[in-house]
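What follows is each chain in one-letter form.
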Amino acid sequence: MNGEAPVTVVGLGEMGRALADAFLAEGRPVTVWNRTAAKAEGVVTRGAVRAGSVAEAVTASPLVVVCLLDYSAVRETLEPVAPQLHGRTVVNLTNGTPVQAGEMAEWAAGHGADYLDGGIMAVPTTVATPEAFILYSGEQRVFDPLRGTLDVLGAAKYLGAEVGLASLYDLALLSGLNLMFDGFHHSVAMATSQKEGTAVGFTELLVPWLTNMAQLLPAFAAEVDADLDRDAEPQLTQGLDVQLVGLANIMNASREAGVSTAPLEPSLAGLKALLAEGRGVWSAPASVRQLRSGPPVG
Ligand code: FVH
């Protein structure tokens, strides 16, 4: 596909508009459709063509990029135009689960369309900047010719043919982010429980602390891989007794400060489960194994 190949963007929410703008900025012919037509006004002013219907939108380009609220919205939008998708490629950047991605890929294949699933690791303001990257999965023969086009939105990272991989990694990355924010909220609640404490002053200490600690993650990750591959003995360990005393101190200090310990309860349950397995030390592989084998909650 060359630099002038047209592209259709279905969905002009915050993210869809950013995607359409990125293609427009590259000088590419862009056709757009959104359920609420008024949201197309800005991108149309900047050069996009507003399609009068979904059918008109998908037939305007060989590549149809979809970014809607969820997969139900995607199905609701694309099902009526399934025949028109034949011979085209759908790149679905809507947030969803690996199972939903698999079902969508099967549905697309059943209608003669190629399909890639994607996970956007960016916010609308960082689309098309060096900060943005987007995960893709699906058949490599579909991804390879589109890499240059998709790179316009943010570095295109191809994860493999298993179509659920992009959403799995997307959601796993978001899980890391959510838990980091939970930690931020809890630690700020503790630090600001004294009248001397300010969130800004505390965060000046938290950011370098977390940044330094994050440097350890690749070494932990290598031990997790070695454990999964060949049951290797981890070297990066700490006594469970030390961990439990440390966590009890954090929780007691939270209570003393009138701050909920709820965000810390899963950590406590994890350490207790390792103890129940007869382990004397904490290690990243043991914690990951334990989470992978634990009963699903909720
Ligand atoms: N915004 C972000 O920072 C994140 C970054 C990472 C990726 N996410 C995912 O991107 C998808 C879209 O998110 P968004 O930010 O564009 O969301 P909204 O601005 O709320 O726009 C939602 C669009 O979905 C359309 N829509 C909703 N329901 C339907 C439906 N039943 N049929 C057709 N279209 C539907 C909505 O249309 P309208 O309300 O304007 O008519 C918007 O186009 C999402 O998966 C994020 O998780 C964004």
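Small disclaimer: the values here were computed from a predicted structure and weren't measured.

**Looking at the overall build of the chain**
Within the chain, the regular secondary structure consists of 13 helices and 10 strands. Within the span of the chain, comprising 298 residues, buried residues form 39% of the whole. The long-range fraction of contacts in the chain, counting pairs at least 24 apart against all pairs at least 6 apart in sequence, stands at 59%. About 15900 Å² of surface is accessible on the chain, with carbon and sulfur atoms providing 59% of the total.

**Overview of the domain arrangement of the chain**
If you check the domain split of the chain, you get domain 1 (7–167) and domain 2 (216–292). One C-alpha centre belongs to domain 1, the other to domain 2; they are set 40 Å apart.

**Comments concerning the packing of helix 4 (residues 71–78) against helix 6 (residues 98–110)**
Where helix 4 contacts helix 6, the two axes come as close as 11 Å, and the packing angle between them is 10°. By the angle between their directions, the pair helix 4 and helix 6 is classed as roughly parallel. Facing Tyr71, Val74, Arg75 and Leu78 of helix 4, the residues of helix 6 in contact are Gln100, Ala101, Glu103, Met104 and Trp107. For the contact of helix 4 with helix 6, the residue count by class is 6 nonpolar, 1 polar and 2 charged.

**Here we look at the sheet that holds strand 4 (residues 63–66)**
Spatially, 3-2-1-4-5-6-7-8 is the arrangement adopted by the 8 strands of the open sheet, whose pairing is mixed. On the outer flanks of this sheet lie strand 3 (49–50) and strand 8 (155–160), each paired with one strand and no other. Set on the sheet, helix 8 (residues 165–191) makes contact with strand 6 (114–121), strand 7 (133–138) and strand 8; between it and strand 6 the angle comes to about 10°.

**Examining the site of the ligand**
Close to the ligand lie 22 residues, the nearest being Met15, Asn34, Thr36, Lys39 and Asn95. At 2.7 Å, a side-chain N or O of Asn34 approaches an oxygen atom of the ligand. Separating an oxygen atom of the ligand from a side-chain N or O atom of Arg35 is a distance of 2.9 Å. Protein chains bury 76% of the 900 Å² of accessible surface belonging to the ligand in isolation.

**Some points on the side chain of Ser254**
Among the structural elements, Ser254 can be located in helix 11 (residues 240–256). Dropping the residues within four chain positions of it, Ser254 is found in contact with His186, Met190, Val259, Ser260, Thr261 and Leu264.

**Some details on the packing of helix 11 against helix 12 (residues 265–276)**
The N-to-C vectors of helix 11 and helix 12 enclose an angle of 155°; their axes lie 11 Å apart at closest approach. The angle between the axes of helix 11 and helix 12 places the two elements in the roughly antiparallel class. As for how helix 11 packs across helix 12, the hand of that crossing is left-handed. Note on element contacts: helix 12 touches helix 11 through Glu265, Ser267, Leu268, Leu271, Leu274 and Leu275, opposite Leu240, Gln243, Leu244, Leu247 and Met251. Here the residues of the contact of helix 11 with helix 12 sort into 8 nonpolar, 2 polar and 1 charged.

**What about the pairing of strand 2 (residues 30–33)?**
Of the two faces of strand 2, the one carrying Val30 and Val32 and the one carrying Thr31 and Trp33 are both buried. As judged from the 4 bridges shared by strand 1 (residues 7–10) and strand 2, these two strands associate in the parallel manner. By the bridge assignment for strand 2, Val9 is matched with Val32. The β-α-β motif built from strand 1, the intervening helix 1 (residues 14–25) and the parallel element strand 2 has right-handed crossover chirality.

**Points about the environment of Ala222**
Tracing the chain through its elements places Ala222 in helix 10 (residues 217–230). The partly exposed category is assigned to Ala222, whose relative accessible area is 45%. Sequence spacing of Ala222 and Ala57 is 165 residues, and the spatial spacing of their C-alpha atoms is 46 Å.

**What to know about helix 1**
An ideal rise of 1.5 Å per residue puts 16 Å on 12 residues; helix 1 measures up with 17 Å between its terminal C-alpha atoms. Within the span of helix 1, buried status applies to Met15, Gly16, Ala18, Leu19, Ala20, Ala22, Phe23 and Leu24. Looking at the buried positions of helix 1, the neighbouring elements they touch are strand 1, strand 2, helix 2 (41–45), strand 4, strand 6 and helix 7 (140–151). The positive-phi residue at the C-terminal boundary of helix 1 is Gly27, with phi of around 85°.

Thresholds, definitions, all that
Residues numbered from 1 in each chain as written. Predicted model: local features only at pLDDT ≥ 70, side-chain atom pairs only at ≥ 80, totals over all residues. Heavy atoms only, no water. Helix = DSSP H or I, 4+ residues; strand = E, 2+ residues; numbered from the N terminus. Buried < 20%, exposed > 50% of the residue type's maximum accessible area, 1.4 Å probe, protein only. Contact = heavy atoms within 4.5 Å. Areas by Shrake-Rupley, 256 points an atom, 1.4 Å probe, with all protein chains shown as cover. Domains from an automatic or database assignment. Axes fitted to C-alpha atoms, helices over the stretch in contact; angles between N-to-C directions. Parallel < 35°, antiparallel > 145°, perpendicular 65-115°, else oblique. Nonpolar A, V, L, I, M, F, W, Y, C, P; charged D, E, K, R; others polar. Pairing = 2+ DSSP bridges. Near = heavy atom within 4 Å. Polar contact = N/O pair within 3.5 Å; in protein donor to acceptor, adjacent residues only side chain to side chain. Left-handed = near helix turned anticlockwise from the far one by under 90°. Right-handed = clockwise from strand over helix to strand, strands pointing away. Expected span 1.5 Å × (residues − 1).

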